[in-house]
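# Commentary on secondary and tertiary structure
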Amino acid sequence: SSTPPWWTDAVVYQIYPRSFADSNGDGVGDLAGIRSRLDHLQQLGVDVLWLSPIYRSPQADNGYDISDYRDIDPLFGTLAEFDALLSEVHERGMKLVMDLVVNHTSDEHAWFEESRSSLDSPKRDWYVWRDGHDGREPNLWRSAFGGAAWDLDETTGQYYLHLFATKQPDLNWENPEVRAAVYEMMNWWLDRGVDGFRMDVINYIAKVQSDLVGDSSQASMGGQIHDFLQEMNREVFAGRDTDLITVGEMPGVTVEDAVLFTGHDRLEIDMVFQFEHVGLDHGPDSKFDNVPLSLVDLKRSLGRWQDGLAESGWNSLYLGNHDQPRSVSRFGDDGLYRVESATMLATVLHLHRGTPYVYQGDEIGMTNAGFTAIEQYQDIESVNYFAEATAAGASPAEVLEDLRYRSRDNARTPVQWDATEQAGFTTGSPWLEVNPNHVTVNAAADRAAGQRSVFEHYRRLIALRHGSAVVALGDFAMLEPEHPTLYAFTRTLGDETLLVVGNFSGEALEVSLLESARAAAGTLVIGNYETGDGGADATLRPWEARVIRLA
Ligand code: TEU
């Protein structure tokens, strides 16, 4: 098609509402809190806000367990407050995307309460019920949060499927009534003015049927997945004249799958969140086995996704979200070189081809939580892992060390707005502890840091994307793929070429590429160090990044 879609030069900001800003002192972030911080987001220059779930929920998985898709949970506010937020976001020229969690509902959703009530309930087939075998679960599928993926329901003596918590029963997408109810709900939100959806584990909605045999790898990517998404596209998105954006979160998706999901002629979804690059430092058995990350592997993985979706399809670009550790702690140096590594990571990510996602707090270089006791953790995945691992004989100290690196709570500590007691997040006691480093790591201090402001660097990167077609659409070519600490690539569009280099180490790095850049009289477009000589010298300082226009 001639003109590229609007989101090819857009930047999305993910808000995890419960940790963003609390307006009423109950210690949990809310919609009014978000409204009070829209200046921060507008100044950053982001185009789209994605809200993690704010629907009515018992909060077993912090809102990813929905009990009413058409109401706002009182923790966050009311539908009226949502409408007010939405219209102010639009007035400020931004869009708002909701989190669509339809692989499963809460077990407190009316649909599930009806489904579980009896074997012949009209909604029995809205969920996945099966008989056990000899007092055992129907098959060997495991829950992402530990234990079996099946729970025995005493009332009817059958098991129901939950790929996540027992309080998150999986919907049965084979049932056209379920699909119709989901599409109706999606249309209700789009008719309300919402600009799209981030779709939670949307590749899990299609389980391999042949009656749900095999291991958990059969619990997703069933053959129907493209039929479901094409049907959703027809029933919800086709024919709407507003600029919408859809991103499917797809753990386990491959490049080949993604071409099918995001191909322009496929009429499925616009882009996917893939998980390869955030799985490279996981051990073979568990995300909690931390293995050292090799930059060569990271470049190979991200480079393959750039090449794979270059001609057909589109990448989302992220290093962090509410499920991942803080990117500066995981991929950079959250101590001496926190600012340099945070801005280097942002530069390298935002200069790739795709739509960048900024996770709340990354724009001010927030770090992992640094918790030392299990009582500090709230995340069901982390709490279950601690219980399961220690019950299996692991020492609490060992498991706490794993959690310190990998727990999802690392990214869920309240946003650090200033150096006051609760970092300006709440006047009450926060639902999850504020990181003690907020006295120095906070938005106010960062904004006052001039050239060393992480926020200012993100703002410049976002403005660069908005102003340069080569950043949004230029061809990507990886350079020095085997170099252990240098991340280097070019972006080319017509006669314009940008050279991007990032030093993924705390040591100075001689870069011969920069010699040729100097010879070509390249000009520094953006860098993360105060560089007197225009960035022409061939030595990168610790965690230094540069974007140089070669032609
Ligand atoms: O996450 C999907 C998912 O697979 C996560 O469990 C992720 O793989 C894992 O946490 C990485 O360590 C989505 C939501 O983003 C997550 O917050 C929910 O807990 C989950 O689905 C269930 O809704």
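Please refer to the structure higher up on the page.
Computed from a predicted model, the values in this text were never measured in an experiment. (Residues numbered from 1 in each chain as written. Predicted model: local features only at pLDDT ≥ 70, side-chain atom pairs only at ≥ 80, totals over all residues. Heavy atoms only, no water.)

If you look at the biggest cluster of nonpolar residues, it comprises 140 residues, and the most contacted ones within it are F82, M186, W189 and M232. Here this core takes eight residues from helix 5 (residues 176-191), the largest share from any one element. With residues up to four places along the chain from it excluded, the contact list for M232 reads L100, W173, Y183, M186, M199, I202 and F237. Counting residues in hydrophobic clusters, the runner-up holds 14 residues, among them V128, W150, Y159 and I380. (Core = buried A, V, L, I, M, F, W, Y, C linked by side-chain atoms within 4.5 Å. Buried < 20%, exposed > 50% of the residue type's maximum accessible area, 1.4 Å probe, protein only. Helix = DSSP H or I, 4+ residues; strand = E, 2+ residues; numbered from the N terminus. Contact = heavy atoms within 4.5 Å.)

Relative to each other, helix 8 (residues 255-262) and helix 9 (residues 295-308) sit at 35°, their axes nearing to 10 Å. Where helix 8 crosses over helix 9, the handedness of that crossing is right-handed. Listed contacts from helix 9 to V255, A258 and V259 of helix 8 are R304, W305 and G308. In terms of residue class, the contact of helix 8 with helix 9 is made up of four nonpolar, one polar and one charged. (Axes fitted to C-alpha atoms, helices over the stretch in contact; angles between N-to-C directions. Left-handed = near helix turned anticlockwise from the far one by under 90°. Nonpolar A, V, L, I, M, F, W, Y, C, P; charged D, E, K, R; others polar.)

Moving on, we come to the packing of helix 11 (residues 338-350) against helix 15 (residues 454-467). Put simply, helix 11 and helix 15 touch, their axes get as near as 10 Å, and they point 10° apart. Taken together, the axes of helix 11 and helix 15 lie roughly parallel to each other. Crossing geometry of helix 11 relative to helix 15 is assigned as right-handed. Contact residues: V339, A342, T343, A346, T347 and H350 in helix 11; V454, H457, Y458, L461, I462 and R465 in helix 15. Broken down by class, the residue content of the contact of helix 11 with helix 15 amounts to seven nonpolar, four polar and one charged. (Parallel < 35°, antiparallel > 145°, perpendicular 65-115°, else oblique.)

Enumeration over the complete set of coordinates arrives at 39 salt bridges. Measuring nitrogen to oxygen at the nearest pair gives 2.7 Å for the salt bridge that ties R92 to D39. Taken together, the residues R92 in the loop between helix 3 (79-91) and strand 5 (95-100) and D39 in helix 2 (residues 38-44) connect sequence positions 53 residues apart. A relative accessible area of 43% places D39 in the partly exposed class. Two residues, K167 and E108, come together in a salt bridge whose shortest N-O distance is 2.8 Å. (Salt bridge = Lys/Arg side-chain N within 4 Å of Asp/Glu carboxyl O.)

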